[in-house]
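# Residue-level structure breakdown
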Amino acid sequence: MNFRQVRELTKGIQDDVALLVLPELFATGYAFQSIKETKMMAEDISGETIHFLQDLCRSIGCVICAGFAEIDRDRDQIYNSAVLVDEHEALGVYRKLHLFNKETLYFSPGNLPLAVHTIGGMKVGMMICFDWIYPEVARTLALLDADIIAHPANLVLPYCQDAMITRCLENHVFAITANRVGRETRGMDNFIFTGQSQVTSFDGTVLARAPAGAPVVKIVEINQKDARNKKINEFNDLIAGRRPSMYRTR
Ligand code: ACM
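Below you will find a few notes about this structure. As the structure is a prediction and not an experimental result, all values here were calculated from the model. (Residues numbered from 1 in each chain as written. Predicted model: local features only at pLDDT ≥ 70, side-chain atom pairs only at ≥ 80, totals over all residues. Heavy atoms only, no water.)

With that out of the way, let us pick up the packing of aromatic side chains. Tallying each qualifying case throughout the model produces 10 aromatic pairs. Where Phe3 meets Phe26, the ring centres are 6.2 Å apart and the plane angle is 35 degrees; that geometry is what we call tilted. Note that Phe3 is positioned in helix α1 (residues 3–10) and Phe26 in the loop between β1 (19–21) and α2 (35–41), a separation of 23 residues in sequence. Here Tyr30 and Phe191 contribute two aromatic rings whose centre-to-centre distance is 5.2 Å and whose plane-to-plane angle is 80 degrees, an arrangement assigned as edge-to-face. (Phe/Tyr/Trp six-rings, centres within 6.5 Å; stacked < 30°, edge-to-face > 60°. Helix = DSSP H or I, 4+ residues; strand = E, 2+ residues; numbered from the N terminus.)

A few words on the pattern of salt bridges. Where charged atoms from two side chains of opposite charge approach closely, those side chains can pair. Using the criterion set out here, one finds 16 salt bridges in the structure. The salt bridge partner of Arg7 is Asp55, with a shortest N-O separation of 2.5 Å. Here Asp55 lies in helix α3 (residues 48–60) and Arg7 lies in helix α1, a separation of 48 residues in the sequence. With relative accessibility at 28%, the residue Arg7 sits in the partly exposed group. Put simply, Glu70 and Arg95 hold a salt bridge, and the shortest N to O gap is 2.9 Å. Taken together, the residues Glu70 in strand β2 (residues 63–72) and Arg95 in strand β4 (residues 90–95) connect sequence positions 25 residues apart. With respect to burial, Glu70 and Arg95 carry one shared label: buried. (Salt bridge = Lys/Arg side-chain N within 4 Å of Asp/Glu carboxyl O. Buried < 20%, exposed > 50% of the residue type's maximum accessible area, 1.4 Å probe, protein only.)

The next thing to look at is the environment of Arg183. Following the sequence through the fold, Arg183 ends up in strand β9 (residues 181–186). You can call Arg183 exposed: its relative accessible area is 52%. The contact partners of Arg183, leaving out residues within four places of it in the chain, are Asn190, Phe191, Ile192 and Phe193. A polar atom in the side chain of Arg183 sits 2.9 Å from the side chain of Asn190. (Contact = heavy atoms within 4.5 Å. Polar contact = N/O pair within 3.5 Å; in protein donor to acceptor, adjacent residues only side chain to side chain.)

Taken in spatial order, the 4 strands line up as β1-β2-β3-β4 in an open sheet, and their pairing is mixed. On the outer flanks of this sheet lie β1 and β4, each paired with one strand and no other. Each strand axis lies, on average, 35 degrees off the axis of its neighbour in the sheet, ignoring direction. Note that β1 and β2 share 3 bridges and pair parallel. Paired with Val21 across the strands is Cys65, a residue of β2. Lying over the sheet, α3 contacts β1, β2, β3 (77–85) and β4, oriented at roughly 170 degrees with respect to β2. (Pairing = 2+ DSSP bridges. Axes fitted to C-alpha atoms, helices over the stretch in contact; angles between N-to-C directions.)

Written out as structure tokens, the structure is:
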């Protein structure tokens, strides 16, 4: 995935789109081979990738969440990040908290707390790929009142798409998992990405699932306010019914 491909894929969008989600590290590739190389590809939020995304926001008339390699030049750290941008500015940055596999060699673990951004009528939280395996991430975003979890991914394991049904159901939130397709072979690495990007509803319904092997854009209409009612019946509210005082582990 790169700028040209994203332009091609999105140029036919006719509908009124509010939020577009692109994969993790959408412009750089995933299989970094050294810190030096990762640093060369990394940008801050005034970099070329953010400018490209802002321009795309302007063309489509939407807000975009996309993954990028972020450098904090002051601290000389590189993060596997996601940014939420509109045509004017970066509205928020999320730095991946739970690095997967060799990402741990090339990126620093995220150092920013989870956050939810209010954009128009939407409350959007971000997480990245392997964060799905820690239910605390989606739960925290739900506790921060997220309606929608924007979830850029480069998934190589086959479990996430199904797990997101549970993440959404247990929190009554929508999720947009934008996953990569294809293969990346570099050095000793041979990654096959699982595709099947997915939009999951607050009630666990899969609203859209992309094919495993082809890049596509899917447009799904939702009412994000449906995520704000946490009741699943007259007696059970998923958030109010929690018993945090009983969740001590030692
Ligand atoms: C992953 O977190 N990119 C698998």
